[in-house]
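# Notes for the structure review
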Amino acid sequence: MFCYQCEQTKGGTGCTTVGICGKNEDIASLQDNLIYTLKGLSAYVYHSNELGVNDKEIDEFIPEALYATLTNSNFDLNDFVAMNLRAGEMTLKAMKMLKEAHFKKYGIPTPVQVQTGTKAGAGILVTGHSLKALEELLKQTEGTGVNVYTHSEMLPAHGYPELKKYKHLVGNLGKAWFDQKKLWSDNEMVLIAFGNCVLIPKEAYKDRLYCLGIAGVPEAKKINGFDFSEAIAHAKRLKPLSETKGDVVLTTGFSSNVVLSLADKIKEAVTSGKIKHFFLVGGCDAPGKGGEYFREFVQNAPKDTIILTLACGKYRFNDLDLGDIDGIPRLIDLGQCNDAIEAVNIAVALAELFECEVNDLPLTLVLSWMEQKAVAILMSLFHLGIKGIYLGPKPPAWITPNVFKVLQDNFDLRLTGDAKEDMAVMLG
Ligand code: SF4
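In short, a report on the structure. (Residues numbered from 1 in each chain as written. Predicted model: local features only at pLDDT ≥ 70, side-chain atom pairs only at ≥ 80, totals over all residues.)

### Considering the pairing of strand E2 (residues 122-127)
The element E2 is largely enclosed, with a buried count of six among its six residues. Residues of E2 alternate between two faces, with Ala122, Ile124 and Val126 on one and Gly123, Leu125 and Thr127 on the opposite face, all of them buried. Bridge analysis of E2 against strand E3 (residues 146-150) gives five bridges, and the strand direction is parallel. The partner of Val126 across the bridge, within E3, is Thr150. Taking the sense of rotation as the criterion, the β-α-β connection linking E2, helix H4 (residues 131-141) and E3 turns out right-handed. Pairing of E2 with strand E5 (residues 190-193), which is carried by four bridges, proceeds in the parallel orientation. Residue pairing for E5: Ile124 is matched across the bridge by Val190. (Buried ≥ 20, exposed ≤ 12 C-beta atoms within 10 Å, placed from the backbone. Helix = DSSP H or I, 4+ residues; strand = E, 2+ residues; numbered from the N terminus. Pairing = 2+ DSSP bridges. Right-handed = clockwise from strand over helix to strand, strands pointing away.)

### Some words on helix H14 (residues 419-426)
Inspection of H14 places Ala419, Asp422, Met423 and Met426 among the buried residues, and these make up the whole buried set. Within H14, the buried residues cover an arc of 100° as seen down the axis, which keeps them to one side. Turned more than 90 degrees off the buried face of H14, the exposed positions are Lys420, Glu421 and Ala424. Close packing links the buried residues of H14 with helix H10 (292-299), strand E14 (363-368) and strand E15 (390-392). (Arc of directions from axis to C-beta. Contact = placed C-beta atoms within 7 Å.)

### Quick notes on the sheet that holds strand E4 (residues 169-172)
Strand order across the open sheet formed by six strands is E4-E3-E2-E5-E6-E7, with parallel pairing between neighbours. A single partner strand is all that each edge strand has here, and the edge strands are E4 and strand E7 (221-223). With strand direction ignored, the average angle separating the axes of adjacent strands in the sheet is 30°. Across the face of the sheet, helix H7 (residues 229-237) comes into contact with E2, E3, E5, strand E6 (209-212) and E7 while running at roughly 135° to E2. (Axes fitted to C-alpha atoms, helices over the stretch in contact; angles between N-to-C directions.)

Written out as structure tokens, the structure is:
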């Protein structure tokens, strides 16, 4: 544990084993987990608010949960276990709220192929998660000759009818968030961060970087009120991009509606043995070799398996052509991290289709985590009682052995190990 939130902190620097207040490392672990879950939950609430929707129950829960972590408020382990699961429930509700707002405003996404090269002319590259910000940018750039490109978690935007109708939304550049320093140095275009997943910029592009909303880095210009005029004018002043062909064409834009429109085919393929197992392999990607697990896992998935994916963890393998099973794509990109709600909807619908519980489906969740939104999603899956989730590439550092044991005992939580060995266990 590490806590220095009050004046009584040990040695004036921090309590690391037990607090003078009596807080032990397991309570500290659960409090930290709760706060991190609230951070993730807040991201989804924030983006819902951008679209004009909110939820009273969520809005009341967040301060209540934060208040419980104030010094000398609550030392009950059981209370914090329940509060973490309730935070998962609220995350589920927030993801549903955000998804419904996306559907209502931008239509239901359909599969689309996205180019990964550049078009000749001026360009703006956007990263983050806000579809609202992208919509405003597309409106303001229409007819200006400035093309708009997505990066990382903005890729799924291409699937929404009310966004893809803009012909100058031309492609996606790069992969997960952490390639931005090289990608953004190499591409002479204006860059706009719509929220989290922005890094402190390199000298090479800091004068071309704009931040909106909660995003901010030293020396980047701030965009207020969705007014992109300065960024658009800046893009026009830069040397025009040349026409380049990307290495790969990416497919995104699946929704639960699209997948469940194939329900009859899926049932037939499962019944006849053509589909043996479903995997949800997704989450947020992180730099380092640990993430190679997820590519190796997907590469070794037998041809009679389907991979559902979402969030930027998919960039570890979304260049692979996995083909299809009787017209059912083997690699199905459901969207951003908050679109985990769509994976839940599909799992629940499959359980109804096969008249069983979600935990009895031939379905395994293999999740990568990097930051606090993934923690919030994990809590939402625990709230639903989903068991046997594999989590990697490393366990969260704030989870103590006792708390991890609670998660193992109650939810059969497992850590990723060797991709081939894990696959063999999952397939029985
Ligand atoms: S709240 Fe407790 S654990 Fe935290 S700094 Fe104060 S005495 Fe230490």
